[in-house]
Amino acid sequence: MESSSAATVSAGPSPGPAPADLLRRLRARGAADPVTHVERVPARPGVPAPWPSWAPPELRAAFARRGVVAPWQHQAQAATLAYEGEHVVVATGTASGKSLAYQLPALATLLADPRATVLYLAPTKALAADQLRAVAALELEGVRPACYDGDTPRAEREWIRRHSRFVLTNPDMLHHGVLPGHAQWSGFLRRLAYVVIDECHTYRGVFGSHVAHVLRRLRRQCARFGSTPVFVLASATSGDPSTAAGRLTGLPVTAVTEDASPRGGVTFALWEPPLLPPDSGPSTPVPPQSTGDHDDLQQVRRSALRETADLLADTVAEGVRTLAFVRSRKGAEVVAANARRALDDAVPGLGGRVAAYRGGYLREERRELERALLHGDLLGLASTNALELGVDLVGLDAVLICGYPGTRASLWQQAGRAGRSGQEALAVLVARDDPLDTYLVHHPEAIFGAPVEATVLDPANPYVLAPQLACAAFEAPLTPADLALFGDGAKEAVDQLVAAGALRQRPTGWYWRHRERPEVDLRGEGGAPVCVVESSTGRLLGTVDGGSSHFLLHSGAVYLHQGVSYVVDDLDLADGCALVHAEEPDWSTHARDVTDLSVVSVRSYVDAGPVGMFLGEVDVTSQVVSYQRRRIATGEVIDTRPLDLPARELRTVAVWFTLSPQSLTLAGVQPADVPGALHAAEHAAIGLLPLMATCDRWDIGGLSTAVHPDTEAPTVFVYDGHPGGAGFAERAYGTAAAWLRATRDAIAECGCESGCPSCVQSPKCGNGNNPLSKPDAIRVLDVVLANLPE
Ligand SMILES: [Zn+2]
Ligand SMILES: [Zn+2]
């Protein structure tokens, strides 16, 4: 939920230096200028719109009492589309007031039709609870909003089903509770006018594909009861929100993307830490398992953590209230400690005005830290992420972002903590040693221009579709007409379920054969999830899907859970359980795997002369064989330790390209350098895919080879790391030219000599980043791009 008016801070210290002056002083410190780009994001006045004529006076008055004088233009536009019966997604920035866009049509309808109902879905219980408070505060008669989730007491559930007309829940509860119990919900579903899906960009990958089918099951039940609700979705800004929302709901969805809410001006700098000279002390990682002579070619950048700590010390010394975002809690503490030390060296006692925001703190202690920062008693705070912070912690003078947080939505959520009305603020993105970060600091248009990264999901994944159809059949027999609703592959999945004895075909449709309902976990993916258990207390901390468990929960792994660090003592695959203890070592762990791959079928391809681009099914065998321990503060590799884990088989979707050996020779790639060229291109391509789709490195894998038995050519594969695929490879195929162009540029623009973690090295490479050839990777990608149609 977001407030619908601009947040303001009344109290605060006197304004510090203007952002441009501050930035000039920060960048003048070193020998080389680390700033690659400065973007002036101008202040934007809001564009208000009149209340839509259909909004009843009673509702306008209720919003006015809550301080909403008039809607912004995008709110009014989306609300009117929804009120007129169009499915709509509003995809605008943080704190742009998306909630008003769905509250307005939904509540107007509830007031006009005393029987109508609304279903609201949030990805978390906390968000649903926030939204409940907001709707309840409007004090509208007869709406009776209520949360219905796992925590709702049994005694209240029946009252809610019968009397609430605005039910707030989550997809898991819809899946496990509402849909299987549809008979009890028939009155509510029969009168359902709106389905609101908040933060819909969080429904991505395998989880998103499951949710897509839960929504189709909901639509089927509504149709059986004679209702056809309008879907209103709220999303963070992303590429192509209309397509993503359409895939999620299975309906045509109109997008509203023009943000008309006001914002303060921000000077936004992109900052690339300098390259360190080769073998300069502790920051030089030694590649394990390597026997070659390329160790001495290792070159790295100054760590983003050190750079951020220095920047924090400098801004604090200028009296500027600064919030630094760091990915891990340990990292946040390193930044705070280094900044404190630097400040105390300069002015004894000044270090006391910097703190780390500790995940273990009580809510009250956190709010106290936030208050101290807002009022200027504290000048610097290093924190793990924006989600833990109170919503009131805005209006700061400077925000430092240590490493690209993965999506534009998160980036703007963090940067949005800076700036208040009438005053300019500074934001700095400090690049980590990662190809995506390198690309972004050299391509500001990817941050400040139109978004390209899209929320992807793949409802046709057979590993999702079959269990979801089983759930649907349990709720009511499937008919041939239903198959169209569930989309491509539904008939095949039903045939499989019949062959497996789960469904029985009768003249009237397909029937679930068992008494119990199918057990389907929306967040799982076929294989049983692994439980993470704290040894000393037996407390269940959470679950990790079976596929990722080898990477994240192997013995010795440092596992982060809600900002708290644990170390894994033992991964018991037979019991599906990892035993951990709380510990905060100075290192992080990085698992490495080796992979084998065979092509099963080709779904689609582009024949581009010497280059071929393919999308298809593949079988992947991968084995996590070792892990690296690295110092958090410096990135220095401490050691590599072997692991004894079984190989894992995966049928999934891959995108791959081939090149003719002749085209490589013509481009100047010597045959001996082909493996290193392809390998380097593969690493960087994986690193850049999150630019096109909201995924991270753990969602995808890759393989490259100078000749693959199935393609009989030099080939680079990039595959979805989830059974059946999650839409990432498909998105890569659909945007292949743009994706590989960005990959090429990231490699070419990295100032290192022969490859580094900021361009072609990968932290999860099972071959110890050997062989890699940076210049030849550029040649390979140039050949692909010269032939591939845009
Ligand atoms: Zn590099
Ligand atoms: Zn590799």
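Residues numbered from 1 in each chain as written. Chains lettered and ligands numbered in written order. Predicted model: local features only at pLDDT ≥ 70, side-chain atom pairs only at ≥ 80, totals over all residues. Heavy atoms only, no water.

## Some thoughts on the overall build of the protein
Summing up its helical and strand segments, the protein has 25 helices and 27 strands in all. Since a compact globule built from 790 residues should have a radius of gyration of about 28 Å, the 27 Å found for the protein is in line with a globular shape. Dimensions of the protein along its principal axes, counting C-alpha atoms only, are 75 × 70 × 55 Å. A burial count over the protein gives 58% of its 790 residues as buried. (Helix = DSSP H or I, 4+ residues; strand = E, 2+ residues; numbered from the N terminus. Rg over C-alpha atoms; globule rule 2.2 N^0.38 Å. Buried < 20%, exposed > 50% of the residue type's maximum accessible area, 1.4 Å probe, protein only.)

## Re unusual backbone geometry
For the bond from Asn-770 to Pro-771, the omega torsion is 0°, close enough to zero to count as cis. Within the element layout of this structure, Pro-771 appears in the loop between α24 (736-749) and α25 (774-787). One non-glycine residue, Asp-240, lies in the positive phi region at around 55°. Looking at Asp-240, the relative accessible area reads 41%, which means it is partly exposed.

## Some thoughts on the coordination of the zinc ion (ligand 1)
Within the first shell, the zinc ion (ligand 1) binds the protein through Cys-750 (SG), Cys-752 (SG), Cys-756 (SG) and Cys-759 (SG), at distances of 2.2 to 2.4 Å. Coordination geometry of the zinc ion (ligand 1): the four donor atoms subtend angles of 98 to 118° at the metal centre, consistent with an arrangement described as tetrahedral. Each donor residue of the zinc ion (ligand 1) lies on one chain, and together they are spaced C-x1-C-x3-C-x2-C. Given a relative accessible area of 5%, Cys-752 falls into the buried group. On the basis of relative accessible area, Cys-756 is assigned to the buried category, the value being 0%. (Donors = N, O, S within 2.8 Å, 3.2 Å for Na, K, Ca; no water. Tetrahedral: all angles 85-135°; square planar, octahedral: opposite > 155°, others 65-115°.)

## A short note on empty space enclosed by the protein
Across all of its chains, the model carries six cavities of 30 Å³ or more by this definition. It is helix α10 (residues 241-249) that contributes the most residues to the lining of the second largest cavity, four residues altogether. Classifying every residue of the lining of the second largest cavity by side-chain character gives six nonpolar, four polar and no charged. (1 Å grid on protein atoms, 1.4 Å probe; cavity = no way out; pocket = protein on both sides within 12 Å on 5 of 7 lines; lining within 4 Å. Points joined across faces, edges and corners; volume = space filled by probe spheres on them. Nonpolar A, V, L, I, M, F, W, Y, C, P; charged D, E, K, R; others polar.)

## A short note on the pattern of salt bridges
Tallied over the entire structure, the rule returns 29 salt bridges. In this structure, a network of salt bridges that share partners links the residues Arg-302, Glu-307 and Asp-310. (Salt bridge = Lys/Arg side-chain N within 4 Å of Asp/Glu carboxyl O.)

## Some points on the coordination of the zinc ion (ligand 2)
Distances from the zinc ion (ligand 2) to its protein donors, His-679 (NE2), His-683 (NE2) and Cys-765 (SG), fall at 2.1 to 2.3 Å. Taken in sequence order, the residues that donate to the zinc ion (ligand 2) follow the motif H-x3-H-x81-C. Here Cys-765 lies in the loop between α24 and α25 and His-683 lies in helix α22 (residues 674-688), a separation of 82 residues in the sequence. With respect to class, His-683 is no different from Cys-765; both count as buried.

## Concerning the side chain of Glu-682
Note that Glu-682 resides in helix α22. Contact partners of Glu-682, with chain neighbours within four places excluded, come to Gly-702, Leu-703, Ser-704, Val-716 and Phe-717. (Contact = heavy atoms within 4.5 Å.)

## Focus: the nonpolar core
By size, the foremost hydrophobic cluster in this structure holds 89 residues, and its most contacted members are Phe-268 and Trp-739. With nine residues, α22 is the largest single contributor of residues to this core. Setting aside residues up to four positions removed in sequence, Phe-268 forms contacts with His-37, Val-38, Glu-39, Val-41, Ile-401, Leu-411, Trp-412, Ala-415, Ala-427, Val-428, Leu-429 and Phe-448. By size, the runner-up hydrophobic cluster in this structure holds 41 residues, among which are Val-118, Val-135, Val-143 and Val-230. (Core = buried A, V, L, I, M, F, W, Y, C linked by side-chain atoms within 4.5 Å.)

## Remarks on the sheet that holds strand β5 (residues 166-169)
The parallel open sheet is built from seven strands, whose spatial order is β4-β5-β3-β6-β7-β2-β8. Of all the strands in the sheet, just β4 (145-147) and β8 (254-256) have a single pairing partner and so form its edges. Sheet twist, expressed as the average angle between the axes of neighbouring strands with direction ignored, equals 15°. Two strands pair when backbone bridges link them, and strand β2 (residues 88-91) and β8 are joined in this way by three bridges, in the parallel orientation. The residue bridging Val-89 from the neighbouring strand is Ala-255, located in β8. Sheet strands in contact with helix α5 (residues 125-136) are β3 (117-121), β4 and β5, and its direction is about 165° off that of β4. Of the strands in this sheet, β3, β6 (192-197) and β7 (230-235) touch helix α9 (residues 205-225), which is tilted by about 175° from β6. (Pairing = 2+ DSSP bridges. Axes fitted to C-alpha atoms, helices over the stretch in contact; angles between N-to-C directions.)

## Quick notes on the pairing of strand β16 (residues 509-512)
As a general feature of sheets, a regular strand has side chains that alternate between the two faces. The pairing of strand β15 (residues 503-506) with β16 spans four bridges and is classified as antiparallel. Residue pairing across strands places Arg-504 opposite Tyr-511, the latter belonging to β16. Connecting β15 to the next strand, β16, in antiparallel fashion are two residues.

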